[in-house]
Structures are given as structure tokens and as C-alpha cells.
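Each chain, letter by letter, is given below.
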Amino acid sequence: MIIIGELINASRKAIGTAIEAGDADSIKKVATDQTEAGANYIDVNAGIFVGKEPEYLKWLVQNVQDVTDVPCAIDSPDPRAIEAALEVHKGTPMINSISLEKDRYDNLMPVVAGTDYKVIALCMSDDGMPETVDDRMKIADKLVNSLIQNNVKVENIFVDPLVQPMSVNNSFGVEFVNTIEKIVETFPGIHTACGLSNISYGLPARKFMNQTFMVMAISKGLDGAIMNPLDKKMIANIIAAEALTGKDNFCMNYLKAFRAGKFEM
Ligand code: THG
């Protein structure tokens, strides 16, 4: 599993407060904690600050990179904020995300074309939210094909079928995981990713829903997630699910995790 640590997100109260106060130490601690917990990317999101988002996103990238070599996942719907953050990011970031929405598509495609950036391709368009597997696959087909035409390697693309709340529509969970299965079979070598916790929006005991949904998605081939790397139960579920789906030869990683005490909680 490629883990994208979700905790540096301004919609979380502590992070929003730290950003406004210029409290770099708090941001650095969350970056270090997620790195030590095994995050492969550190997501940075300052989306609640309209107008100041480019400036704040840059500041987040600089502070994260002061304490970790793990690259950032630059998370914004606004191409201008992403471009600002790219001015200061060192190494090879993940762009979170391009979509079929016209402003995002037109402005970000030239930015990612021919680069070695990792790119999340989010299944959204200007025609409203996708609901079925078919809705999502239509968008994924267009996005993936144009990324490849623009010289982005298939192995650098992470398709995000878009997780929507179970509390809104009884079919959202199944439509999501079935899309993962279809993407994996349609585009060999591609990755998938998602912001998993949206599934439990509006429900109690969200962690339980999130953990179970993760296992369902892994069984269909999910191999990337924007998630809380400090959730030990979630990490244990991922390690077990990857062994059970044959992604862990001789259960070596499972055994290693056991010996490292990762199943004690
Ligand atoms: N797809 C893509 N990017 C995304 C999303 C997506 N970025 C934003 C969001 N969705 C994913 N990020 C978050 C960040 C924080 C939380 C949820 C999603 C969150 N965290 C808990 C909190 O604030 O209390 C803490 C984590 C926990 O304890 O589980 O709510 O869908 N491409």
C-alpha cells in the first residue's frame, strides 16, 4: 500500500490554527510522526483558506521538507495553488489532483506533461458527481488516455474513483470497489488511490467503517490511500489484507510486522 498521510489538512482544527498562527513546529511534528509511521507521501492541503491558499500551501511544503525526505502530495482543487507549491517543492511530488473539470484539466495538464510527477487522476467532471462504475470509468478512460498522450507514465498515474458517503446512497460502497477492480483490469500497471474516510461521513464509529472498507477495496486491487498512518488498527488490517490477497510472498511482510510489534494495540 502506498500510504499518503492525510493529517496536514487545514480542515482539521489543529492544523488550520497552526497555519494561521505561523506555528511551524506543529506542522513539522505531524510531518515527522507520519514519516515514522511509514507514510510514503505527506499530503498538504490548505483548501479552507480562499485567497491565501497558494501562499499557505508553499509554507506547508517548506516546513514538511525541512524535517522529512518523504515527498509531498500537493492537495488542491486550484491549479494556481498547486503551481505555487511546485515552485518550492524539492524532489518528485505527487499532484493531488487533476480531474476532467475544465479549469483543473486545462491548467494542470501542461504542468504534469512529460514530468516524472506522480499524478492522482480524480474521477470528477463538470457534469456532476459520478455515481455508477460506468460514470467513473468514462472519466477515468479520458483522463488516463490524455495523461499517457501527454507523456505521463502509466505507473505514475493513480486513479481515484471518488469515495462518496454511504449515508447518502446505499450503492456508493459497491460502485466504488467495483470501479477499482475495473481500473486495475483496464489499465495494466496503473495505481489507484482514494480518500477513504469519506465513506463513513455522517455515521458514528467512523474508524470501524473506514477499516472494513479498506479491506474490501484492497480485495479488488486498491494500492494507494490518503489515510491516517497513525491508525494502528488500519495499518494492521492493510498488512493482513495484502497477505490474504497474495501481495506478500510467504507472508514475509506480515511476519516482519508481527515481530516489530505492529499488531500490539
Ligand atoms: N481524494 C483525493 N484527495 C483528497 C480526498 C479524496 N484530499 C482530501 C480528502 N479527500 C482526504 N483527506 C482527509 C484529511 C483528513 C480527514 C479526512 C480526509 C479527517 N481526519 C480525521 C480528523 O480530522 O478528525 C483524523 C484522522 C483519523 O483519526 O482517522 O477527517 O477523496 N484525491
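One can find the structure itself at the top, above this paragraph.
A brief look at the structure comes next. (Residues numbered from 1 in each chain as written. Predicted model: local features only at pLDDT ≥ 70, side-chain atom pairs only at ≥ 80, totals over all residues. Heavy atoms only, no water.)

1. Considerations on the overall build of the protein chain
Turning to step 1, where the next piece is worked out: Within the protein chain one finds 10 helices and eight strands.
Turning to step 2, where the next piece is worked out: Taken over C-alpha atoms, the radius of gyration comes to 18 Å for the protein chain, in line with the 18 Å a tight globule of 265 residues would show.
Turning to step 3, where the next piece is worked out: Here the analysis covers contacts within the protein chain between residues at least 6 apart in sequence; of these, 67% occur between residues at least 24 apart.
Turning to step 4, where the next piece is worked out: Here the protein chain holds 25 positive side-chain charges and 35 negative ones, and the gap between their average locations is 4 Å. (Helix = DSSP H or I, 4+ residues; strand = E, 2+ residues; numbered from the N terminus. Rg over C-alpha atoms; globule rule 2.2 N^0.38 Å. Contact = heavy atoms within 4.5 Å. Lys, Arg positive; Asp, Glu negative; His and termini not counted. Charge placed at Lys NZ, Arg CZ, Asp CG, Glu CD.)

2. Some thoughts on the pattern of salt bridges
Turning to step 1, where the next piece is worked out: Taken as a whole, this structure holds nine salt bridges when the rule is applied.
Turning to step 2, where the next piece is worked out: A salt bridge links Arg 104 to Glu 101; the shortest N-O distance between them is 3.0 Å. When sorted by exposure, Arg 104 lands in the same class as Glu 101, which is buried.
Turning to step 3, where the next piece is worked out: The salt bridge partner of Asp 116 is Lys 153, with a shortest N-O separation of 3.3 Å. Of the two residues, Asp 116 is situated in the loop between helix H5 (102-112) and strand S5 (118-122) and Lys 153 in the loop between helix H6 (133-149) and strand S6 (157-160); the sequence distance between them amounts to 37 residues.
Turning to step 4, where the next piece is worked out: Among the residues examined, Asp 116 registers a relative accessible area of 41% and is labelled partly exposed.
Turning to step 5, where the next piece is worked out: Using a relative accessible area of 43% as the deciding quantity, one classes Lys 153 as partly exposed.
Turning to step 6, where the next piece is worked out: Here the salt bridges share partners, and the residues they tie into one network are Asp 78, Arg 80 and Asp 103. (Salt bridge = Lys/Arg side-chain N within 4 Å of Asp/Glu carboxyl O. Buried < 20%, exposed > 50% of the residue type's maximum accessible area, 1.4 Å probe, protein only.)

3. Notes on the packing of helix H8 (residues 206-219) against helix H9 (residues 232-244)
Turning to step 1, where the next piece is worked out: In the contact formed by H8 and H9, the axes pass within 10 Å of each other and the chain directions differ by 20°. Considering the angle they form, H8 stands roughly parallel to H9. The hand of the H8/H9 crossing is right-handed. Facing Asn 210, Gln 211, Met 214, Val 215 and Ile 218 of H8, the residues of H9 in contact are Lys 233, Met 234, Asn 237, Ile 238, Ala 241 and Glu 242.
Turning to step 2, where the next piece is worked out: Looking at the contact of H8 with H9, its residues break down into six nonpolar, three polar and two charged. (Axes fitted to C-alpha atoms, helices over the stretch in contact; angles between N-to-C directions. Parallel < 35°, antiparallel > 145°, perpendicular 65-115°, else oblique. Left-handed = near helix turned anticlockwise from the far one by under 90°. Nonpolar A, V, L, I, M, F, W, Y, C, P; charged D, E, K, R; others polar.)

4. Observations regarding the pairing of S5
Turning to step 1, where the next piece is worked out: Counting buried residues in S5 gives four out of five residues, a clear majority hidden from the surface.
Turning to step 2, where the next piece is worked out: The pairing of strand S4 (residues 94-98) with S5 spans four bridges and is classified as parallel. Within the sheet, the bridge partner assigned to Asn 96 lies in S5 and is Ile 120.
Turning to step 3, where the next piece is worked out: You can see the chain leave S4, run along H5 and come back into S5, and the turn it takes is right-handed. (Pairing = 2+ DSSP bridges. Right-handed = clockwise from strand over helix to strand, strands pointing away.)

5. Some remarks on the environment of Val 133
Turning to step 1, where the next piece is worked out: Here Val 133 lies in helix H6.
Turning to step 2, where the next piece is worked out: Sequence separation of Val 133 and Ile 183 is 50 residues, and the distance between their C-alpha atoms is 9.8 Å.

6. Observations regarding unusual backbone geometry
Turning to step 1, where the next piece is worked out: Residue Ser 97 is reached from Asn 96 by a cis peptide bond, and omega for that bond is 10°.
Turning to step 2, where the next piece is worked out: You can see Ser 97 is positioned in strand S4.
Turning to step 3, where the next piece is worked out: One non-glycine residue, Leu 162, lies in the positive phi region at around 80°.
Turning to step 4, where the next piece is worked out: Among the structural elements, Leu 162 can be located in the loop between S6 and helix H7 (172-186).
Turning to step 5, where the next piece is worked out: Of the residues examined, Leu 162 reaches a relative accessible area of 12% and is grouped as buried.
Turning to step 6, where the next piece is worked out: Within the chain, Ala 205 stands out as a residue other than glycine whose phi angle is a positive 50°.

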